[in-house]
Amino acid sequence: MTAPDATSPAATAAPAPSWRDSLAVYLQPRVLVVLFLGFSSGLPLALSGSTLLVWMAEAGVDLGTIGLFALVGTPYTLKFLWAPLVDALHVPFFTHAFGRRRGWLVFAQLLLIGAILLLALTDPARSPLLVALGALLVATMSSTQDIVVDAFRVESLPESEQAAGMAAYVAAYRIGMLVSTAGALFIVTGFEAIVPRSAAWMWGYMVMAALVLIGTVTALAATEPAQSARAEAATQDEGALTRVFHAALGAFSEFLRRKEAWVVLAFVVLFKFTDAFSGNMTVPFVIDIGFTRNDYAVIVKGVGIIATLAGGFAGGFVARRYLLATSLWIGGIVQAMSNLSFSWLAIVGVNEWALTLAITSDNFCNAIGTVIFVAYLSALCQNPLHTATQYALLTALAAVGRTYLSSGAGYLAKATGWPMFFAISVLVAIPSLMLLAYLQKRGHFEALGPVRV
């Protein structure tokens, strides 16, 4: 996967695919496999997060204890630490029966099902510590599944299908999250009609555990990526510890030996910063200017997810029709400019149609940027010996802007007011665009290879 400059011979030799071709790629078997795996990846996230917090609140757990459960999400940010194990180690029986990637995938999903069932059997009112342990196991197994799915997607899809695969993955991931939030709550409500509330939550989580089998069946029906099979053959004579060492050391050293490696890492950290900077303040902004909790639930979450799904597929179309560098320019600019819709909303005030338009614009444009950005991350991780490790590391770096750099956004909003805050959040994108221009000038995208996304 790559993108040479528009002036290169490779860029002028290959015509852009038609819209018919851009649509047909989503029906390719490999892309459909990634779509179902995306659903399996998105499903468990809320089960150790927002859905679990609703269960605990209804059980009367102390608010201070509930707040501490934010720490349960730690495995998602530290998953790169054990990604070398996924790259290098064989799982007894599973690797032999299904292959290097599929073996780990089935193994992780079975452990995930077990962790969700364990969490289902806990009682937040009586043993919050046991609930925390169950939630931590769910998050750990879920993040391990993410490591394998990311590596499987990068290795199994050819360059021409990477962007479409990512768009399908993002869409299915969001649907999985919707099923484990709103869907799980509706299921629990349905069970409450026939069993006590505590038992209703248990059965609701058991249904969620069963839905993970969608990903397991998909993994069993898929074929092992050819790249992974070649990497397995290349390391079959090495011991387990040697493979782990080479996976960890090779992933970092190979990346840092690349031309402009530190600039690339800075670009990875900053590209989605404009989105994170404004996104962290969207909820308090909507409530602060006068919208109700129901307005937030229906418009921000309901309409927002539809716009996100549409934007994800639009990002896939953009990435297939244009070179990677051009696609990153489009994604970077539209995701930054969409913040102005909130500046406009702050001036308009409480108006449901205005909120709908602002949320639609923001989610649609941010999803375009996300799909193109992840297609770029995939282009950086093409060595099958340590795909999982490199990708996990890059996604952890990409989370730095969301987790740390945007932490002062509230103070800026308080000092400047909402219209100016969102205008400033547009300017936050300038450093990443400057780095993009620098990398393009230095031939970074040509070095990734002479083909389109």
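Since this is a predicted model, take the numbers as computed values, not measurements.

We now examine a nonpolar patch on the surface. A surface patch of nonpolar side chains, about 310 Å² in accessible area, is lined by Leu-118, Leu-130, Leu-133 and Leu-137. Along the polypeptide, Leu-118 turns up in helix 9 (residues 100-120). Judged by its relative accessible area of 36%, Leu-118 falls in the partly exposed class.

To continue, consider the environment of Leu-448. Tracing the chain through its elements places Leu-448 in the segment after helix 27 (444-447). Residue Leu-448 is classed as buried on the basis of its relative accessible area, which comes to 19%. Here the alpha-carbon distance between Leu-448 and Leu-380, two residues 68 residues apart in the chain, equals 7.4 Å.

Remark: helix 12 (residues 197-211) packs on helix 13 (residues 213-221), axes separated minimally by 5 Å, with the N-to-C direction vectors making an angle of 10°. The angle between helix 12 and helix 13 places the two elements in the roughly parallel class. Between helix 12, through Ala-209, Ala-210 and Leu-211, and helix 13, the contact on the second element is made entirely by Leu-213, Ile-214 and Gly-215. For the contact of helix 12 with helix 13, a count of residues per class yields five nonpolar, one polar and no charged.

A few words now on helix 22 (residues 352-380). In this model helix 22 runs 42 Å from its N-terminal to its C-terminal C-alpha over 29 residues, within 8% of the 42 Å that 1.5 Å per residue would give. The buried fraction of helix 22 amounts to 22 of the 29 residues, a majority that puts the element mostly inside the structure.

Within the largest apolar cluster, 60 residues are counted, with the highest numbers of intra-cluster contacts made by Leu-328, Tyr-376, Leu-380 and Phe-445. Per element, the largest residue contribution to this core is nine residues, and it comes from helix 22. Val-131, Val-138, Ala-200 and Trp-201 belong to the second largest nonpolar core, which has 30 residues in total.

Let's shift gears to the packing of aromatic side chains. A complete count under the given rule lists 23 aromatic pairs for this structure. On the basis of an interplanar angle of 70° and a centroid distance of 4.9 Å, the ring pair of Phe-285 and Phe-422 is categorised as edge-to-face. Of the two residues, Phe-285 is situated in helix 18 (residues 282-288) and Phe-422 in helix 25 (residues 418-427); the sequence distance between them amounts to 137 residues. Relative accessible area serves as the criterion here: at 0%, Phe-285 is assigned to the buried category. A residue is classified by how much of its surface remains accessible, and Phe-422, at 0% relative accessible area, is buried. Against the face of Tyr-169 rests Arg-153, its NZ or CZ located 6.0 Å from the ring centre.

Another point: the pattern of salt bridges. Under the definition given, this model contains five salt bridges. One salt bridge connects Glu-155 with Arg-101, and the closest N-O pair in it is separated by 2.8 Å. Taken together, the residues span a long stretch of sequence, with Glu-155 in helix 10 (residues 128-156) and Arg-101 in helix 9 at a distance of 54 residues. A salt bridge links Lys-272 to Asp-275; its shortest N-O distance comes to 3.2 Å. When its relative accessible area of 18% is taken as the criterion, Asp-275 is described as buried.

Another aspect to go through is the environment of Phe-421. Take Phe-421: it is sitting in helix 25. When its relative accessible area of 0% is taken as the criterion, Phe-421 is described as buried. Counting along the chain gives 144 residues from Phe-421 to Phe-277, while the straight-line C-alpha distance between them is 9.8 Å.

The phi dihedral of Phe-93 is positive, around 70°, even though this residue is not glycine. Positionally, Phe-93 belongs in the loop between helix 7 (83-88) and helix 8 (94-98). In this model, Glu-260 sits at a positive phi of 60°, which is unusual for a non-glycine residue. Looking at where Glu-260 falls in the secondary structure, it is placed in the loop between helix 15 (240-256) and helix 16 (261-270).

The next thing to look at is the packing of helix 4 (residues 50-58) against helix 12. Contact geometry for helix 4 and helix 12: axes closest at 11 Å, N-to-C directions at 170°. One finds that helix 4 runs roughly antiparallel with respect to helix 12. Touching Thr-51, Leu-52, Val-54, Trp-55 and Glu-58 of helix 4 are Arg-197, Trp-201 and Tyr-205, all from helix 12. Among the residues making up the contact of helix 4 with helix 12, the classes are represented as five nonpolar, one polar and two charged.

For helix 13, the set of buried residues is Gly-215, Thr-216, Thr-218 and Ala-219. Buried residues in helix 13, looked at end-on, bunch into an arc of 160°, giving them a common side. In helix 13, the exposed residues that point more than 90 degrees away from the buried face are Val-217 and Ala-221. Against the buried residues of helix 13 lie helix 3 (29-42), helix 9 and helix 12.

Within the element layout of this structure, Ile-214 appears in helix 13. Among residues more than four places away in sequence, those in contact with Ile-214 are Phe-36 and Phe-39.

Bringing the confidence of the model for the protein chain into the picture now. With 82% of its residues at a pLDDT of 70 or more, the protein chain has an overall mean of 81. In this model, residues 1-14 is a region of pLDDT below 50 whose contacts with residues beyond four sequence positions or in other chains number 42 contacts.

Criteria and cut-off values
- Residues numbered from 1 in each chain as written.
- Predicted model: local features only at pLDDT ≥ 70, side-chain atom pairs only at ≥ 80, totals over all residues.
- Heavy atoms only, no water.
- Patch = residues over 30% accessible without salt bridge, like charges linked within 9 Å, V, L, I, M, F, W, Y side chains within 5 Å.
- Areas by Shrake-Rupley, 256 points an atom, 1.4 Å probe, with all protein chains shown as cover.
- Salt bridge = Lys/Arg side-chain N within 4 Å of Asp/Glu carboxyl O.
- Helix = DSSP H or I, 4+ residues; strand = E, 2+ residues; numbered from the N terminus.
- Buried < 20%, exposed > 50% of the residue type's maximum accessible area, 1.4 Å probe, protein only.
- Axes fitted to C-alpha atoms, helices over the stretch in contact; angles between N-to-C directions.
- Parallel < 35°, antiparallel > 145°, perpendicular 65-115°, else oblique.
- Contact = heavy atoms within 4.5 Å.
- Nonpolar A, V, L, I, M, F, W, Y, C, P; charged D, E, K, R; others polar.
- Expected span 1.5 Å × (residues − 1).
- Core = buried A, V, L, I, M, F, W, Y, C linked by side-chain atoms within 4.5 Å.
- Phe/Tyr/Trp six-rings, centres within 6.5 Å; stacked < 30°, edge-to-face > 60°.
- Lys NZ or Arg CZ within 6 Å of the ring centre and 35° of its normal.
- Arc of directions from axis to C-beta.
- pLDDT = per-residue confidence, 0-100.

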